[in-house]
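# Descriptive analysis of the structure
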Amino acid sequence: MNRSDAQIRHQQLRERIEHHDYLYYVLDRPEISDADYDLLMRELLALEAAFPDLVTADSPSQRVGAKPLDKFAPAPHAVPMLSLENALGENEWREFDARARRFLATEDELDYVCEMKLDGVAVELVYRQGLLETGSTRGDGLTGENITENLKTLPTVPLRLRAPHPQLLEVRGEVYMDLSDFRAFNREREEEGEATFANPRNAAAGSLRQLDPRVTARRPLKIFCYGVGRIEGVDEEPANHFTLLEKLGGWGLRVNLQQTRVLRGAAAVWEHYAQLLERRETIPYEIDGLVAKVNSRALQDELGAKSRSPRWAVALKFPPRQAQTRVEDILPQVGRTGAITPVAQLEPVQVSGVTVSRASLHNWDEIARLDVRIGDQVVVERAGDVIPDVVRVLTEQRSGDERPLPPPRSCPVCGSEARQLPGEVVYRCLNPACPAKLKETIRHFASRGAMDIEGLGERTIDQLLRLGLIRDLADLYALSKEDLLRCERMGEKSAANLLAALAASRRRPLARFLYALGLRHVGEHGAKLLARRFGSLEALSEATQEELLAIHEIGPQVAESVTAFFRDSGNRRLLERLREGGVRPESETGPRDATLSGKTFVFTGTLTRMTRQQAEAMVEQRGGRASGSVSRKTSYLVAGDDAGSKLDKARELGVAVLGEDDFLRMMEDQ
Ligand code: IVH
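Notes on the structure in this doc start here. Throughout, residues of each chain are indexed from 1 in the direction in which the sequence is written. Side-chain atom pairs in this predicted model are given and counted only at pLDDT of 80 or more, local residue features only at pLDDT of at least 70, and totals for whole chains, interfaces and linings cover all residues. Calculated side-chain values reflect all of the structure's heavy atoms, with hydrogen atoms and water omitted.

## Concerning the site of the ligand
A molecule or strand has a residue near it when one of that residue's heavy atoms lies within 4 Å. The immediate surroundings of the ligand are formed by 13 residues, with Glu115, Leu118, Glu174, Tyr226 and Lys293 found nearest. For the purposes of these results, a polar contact is taken to be a pair of N or O atoms within 3.5 Å, where, inside protein, one atom must be able to donate a hydrogen and its partner to accept one; residues adjacent in sequence count only when each atom of the pair is a side-chain atom. Note that a nitrogen atom of the ligand is positioned 2.8 Å from one of the side-chain N or O atoms of Glu115. Glu174 is positioned such that a nitrogen or oxygen atom in its side chain is 2.6 Å from an oxygen atom of the ligand. When the ligand is considered free in solution it has 520 Å² of accessible area, and contact with the protein chains removes 86% of it. Residue exposure ignores everything except the shown protein chains as possible cover, and the areas themselves are Shrake-Rupley values with a 1.4 Å probe.

## Some details on the pattern of salt bridges
Salt-bridge detection follows one rule: a side-chain nitrogen of Lys or Arg within 4 Å of a carboxyl oxygen of Asp or Glu. Tallied over the full model, the rule gives 45 salt bridges. Across the pair Glu85 and Lys306 runs a salt bridge, and its minimum N-O distance is 2.7 Å. With a gap of 221 residues between them, Glu85 in strand E2 (residues 85-87) and Lys306 in the loop between helix H10 (297-303) and strand E11 (313-317) connect regions that are remote in the sequence. A salt bridge links Arg264 to Asp111; its shortest N-O distance comes to 2.8 Å. With Arg264 in strand E9 (residues 261-264) and Asp111 in strand E3 (residues 111-118), this residue pair connects regions lying 153 residues apart in the sequence. The way it works is that DSSP assigns letters per residue, a run of H or I at least four long becomes a helix, a run of E at least two long becomes a strand, and they are numbered from the N terminus.

## Brief notes about the sheet that holds strand E19 (residues 600-604)
The strand order E20-E19-E21-E22 describes an open sheet built from four strands, whose pairing is parallel. Single-partner strands in this sheet number two, and they are strand E20 (625-627) and strand E22 (656-658). Here the strands of the sheet are splayed against their neighbours by 30° on average, with no regard to which way each runs. Between any two strands, pairing holds if DSSP finds at least two bridges. Pairing analysis gives three bridges linking strand E21 (residues 636-639) to E22, with the strands arranged parallel. The residue bridging Val638 from the neighbouring strand is Leu658, located in E22. We call two residues contacting when some pair of their heavy atoms lies within 4.5 Å. For helices, the fitted line uses only the C-alpha atoms of the stretch in contact; every axis is such a line through C-alpha atoms, and the angle between N-to-C directions lies from 0 to 180 degrees. Running at roughly 170° to E19, helix H22 (residues 612-621) makes contact with E19 and E20 of the sheet. Sheet strands touched by helix H23 (residues 645-653): E19, E21 and E22. Its angle to E21, the strand with the most contacts, is close to 145°.

## Looking at the packing of helix H20 (residues 556-567) against helix H21 (residues 569-580)
At a minimum axis separation of 5 Å, H20 and H21 run at an interaxial angle of 75°. When the axis of H20 is compared with that of H21, the two are roughly perpendicular. Together, Phe565, Phe566 and Arg567 of H20 and Ser569, Asn571, Arg572 and Leu575 of H21 make up the contact between the two elements. Among the residues forming the contact of H20 with H21, the class breakdown is three nonpolar, two polar and two charged. Relative orientations are named as follows: roughly parallel for angles under 35 degrees, roughly antiparallel for angles over 145 degrees, roughly perpendicular for angles from 65 to 115 degrees, and oblique for any other angle. For this classification, the nonpolar set comprises Ala, Val, Leu, Ile, Met, Phe, Trp, Tyr, Cys and Pro, the charged set comprises Asp, Glu, Lys and Arg, and every other residue, Gly included, is treated as polar.

## So, the packing of aromatic side chains
Any Phe, Tyr or Trp ring, taking Trp's six-membered ring, that has another such ring centre within 6.5 Å forms a pair; planes under 30 degrees apart are called stacked, those over 60 apart edge-to-face, and the others tilted. Applying the stated criterion across every chain, the model contains 15 aromatic pairs. Summarising the aromatic geometry, the rings of Tyr273 and Phe318 are spaced 5.5 Å apart at their centres and angled 45° between planes, so their arrangement reads as tilted. Placement of the pair is Tyr273 in helix H9 (residues 266-279) and Phe318 in the loop between E11 and strand E12 (322-334), with a sequence separation of 45 residues. Phe318 matches Tyr273 in its accessibility class, with the two residues each being buried. Here Phe601 and Tyr636 contribute two aromatic rings whose centre-to-centre distance is 5.1 Å and whose plane-to-plane angle is 35°, an arrangement assigned as tilted. Linking Phe601 in strand E19 with Tyr636 in strand E21, this pair joins segments that are 35 residues apart in sequence. The exposure classification of Phe601 matches that of Tyr636, with both residues buried. Linked through ring pairs, Phe601, Phe603, Tyr636 and Phe663 together constitute an aromatic cluster. Note that Arg254 overlies the ring of Phe224, its terminal NZ or CZ placed 4.1 Å from the centroid. Above the face of the Phe534 ring, Arg533 is positioned so that its terminal group lies 4.6 Å from the ring centre. Residue exposure (1.4 Å probe, protein chains only): buried if accessible area is under 20% of the type maximum, exposed if over 50%, otherwise partly exposed. Charge over a ring is defined by NZ of Lys or CZ of Arg lying within 6 Å of the ring centre and within 35 degrees of the ring normal.

## A word on empty space enclosed by the protein
The method works on a 1 Å grid over the protein atoms by themselves. A cavity is a set of points holding a 1.4 Å probe that cannot get out, a pocket is an open set with protein on both sides within 12 Å along at least five of seven lines, and residues with an atom within 4 Å of a point line them. Grid points are joined across faces, edges and corners, and a volume is the space filled by probe spheres set on the points. In the structure shown here, the tally under the stated rule is two cavities of 30 Å³ or more. Computed from the structure, the largest cavity encloses a volume of approximately 90 Å³. What lines the largest cavity is Glu115, Met116, Leu118, Phe224, Cys225, Tyr226, Leu245, Val255, Asn256, Leu257 and Thr260. Mapped onto the lining of the largest cavity, the elements with two or more residues apiece are E3 and strand E8 (222-232). Among the residues making up the lining of the largest cavity, the classes are represented as eight nonpolar, two polar and one charged. In terms of lining residues, the second largest cavity is bounded by twelve residues, among which Glu188, Glu192, Arg336, Leu519 and Val522 are the most central. The leading source of residues in the lining of the second largest cavity is helix H5 (residues 179-192), at three residues.

## Quick look at the pairing of strand E14 (residues 354-360)
In the sheet, strand E13 (residues 339-351) pairs with E14 via six bridges, with the strands oriented antiparallel. Residue pairing in the sheet places Ala344 in a bridge with Ala359 of E14. Hairpin geometry of E13 and E14 is characterised by an intervening segment of two residues between the two adjacent antiparallel strands and by a positive phi of about 35° at Ser352.

## Considering the pairing of E11
Of all five residues in E11, four are buried; the element is thus mostly enclosed. Across five bridges, strand E10 (residues 287-294) lies against E11 in antiparallel orientation. Note on E11: the bridge partner recorded for Lys293 is Ala313.

Structure, rendered in structure tokens:
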């Protein structure tokens, strides 16, 4: 290809990738499969390798292009980034509304835009002539830190705005982590022996403050935009805040319109707040309240600001999800990689409707930091994680009988030596044959995101190990019905079900199998990247470090871990035995078959066992189509929790409605 052809093709690829990024990340409505997207990206990278001068600052390849920094440069904000006043309770909210109306000298009810108050990190993005120029943290409101290269790695941050866009746009938003991503991320860190984050906000903040953008790139961060600083050269200045949000969406920025309401008067806002508080647990990210903003931008200007916060917006905060209880014991638990995690056993206590009886203390550094002892009164908080955190010890309530728990010298399960390896915060059991490790390895292998072997739960695994029926993963596939019947409480029917589940797991997609094997540093996302690039276990086992590093988003740690795994003769033997046991992971290139061809699915509400993207991918893999809106042509509406108007419409049109479980069953049958 000559240079001018390459240039034309490069431009086409760049625009197509941008377009699909927008559909996937911003609208949550992808139109092509991951595999097809990957082909576009690979072609772009290959072109740029052949013609390096084609690389532009806004090329999708440049999301992770920059070198690590020594420190962040200061980034002044042209318009100060204010913070919000809090209203605690209905009275304070009514006072806010009354004050605003007095200031405006009006008797009329005000229109408020009600947005979710995301619990993340505030940032500003500056676009000049549509190109992302600077991204920064809020800092003290006047000057933040320049974290442009890190923000560029977020797929939800457009590198270029969609036209027609303003000449200058300073947009503000919150960077956050979805709860499911946060949990998976913490789980991986725990297994790797790295310190875990107490809540998604800390995880987002820590991820944005990385000097090496490649680290940020691997963190599952997202942004929602909710406001602006300067806007210049816009075709039509939006008259109110809601239309501004719509405009931001049109320019390709991610806005949370679905969860935003325009309501008239203080009473309506308060009612909405109460409903939101009820729904809090069903929202896929952490929110700590509602932000009410006067909708009219003219009235906003009239109201102006006090020194730190505007007079036209207020945060209606949720009560904290904290409670006080007693630490009855601290038990060390051993994970898949031998990491020993201290878990506080608590006197059961209610925290916003959920009974809490355990809290993770993460590691012994954290125990020392909190100075938590057995018998202490503590404050626990549910902050994003399924397992709550201990936030504070009430030392003033100590009786003197409290006992500290020293770091382990030996593994609580097998008794072998345990210690902290250089550079790690966790203590690890050093015995490669520790039964706890094997148990956790099997549990991980069988788990839902991995081989998904239903019926192979903790109790059954314990018994199979105790009876000596399994010594490694491959033994699972040699189990007979007679073997299983030796387990307590295992009847004919459950044994048959488990055997069927094991049989079904033999043909899981390669990505799941790779994830199930539990290679260090290879999480669900990494496993998908590897499966997509290599297509088969054989090809992956021969991959060189260079080939691995050439994959977008695969870093040196993962590359090293993968090659080390396949070098190890024990692992090679294990893979061979799994193969002999009939395990044949399927490669994932293109639609698997077309059993759902001609069928259109629409998803609505919150899915609890998968993300919407995963659900849509399942449909597409089977040749079906996923669409965003319900019509007569829709074959099925899949309704998760909190389904709204789409469900009503489907009923009206007589479209078949499936629950999440029905849907999963249907996918398994196809
Ligand atoms: S508006 C002048 N909207 O809350 C208006 N802030 O306590 C300033 N936040 O620093 C912010 N969600 O980090 C606004 N929908 C939302 C928000 C939001 C979260 C955060 C933001 C801000 C803090 C103020």
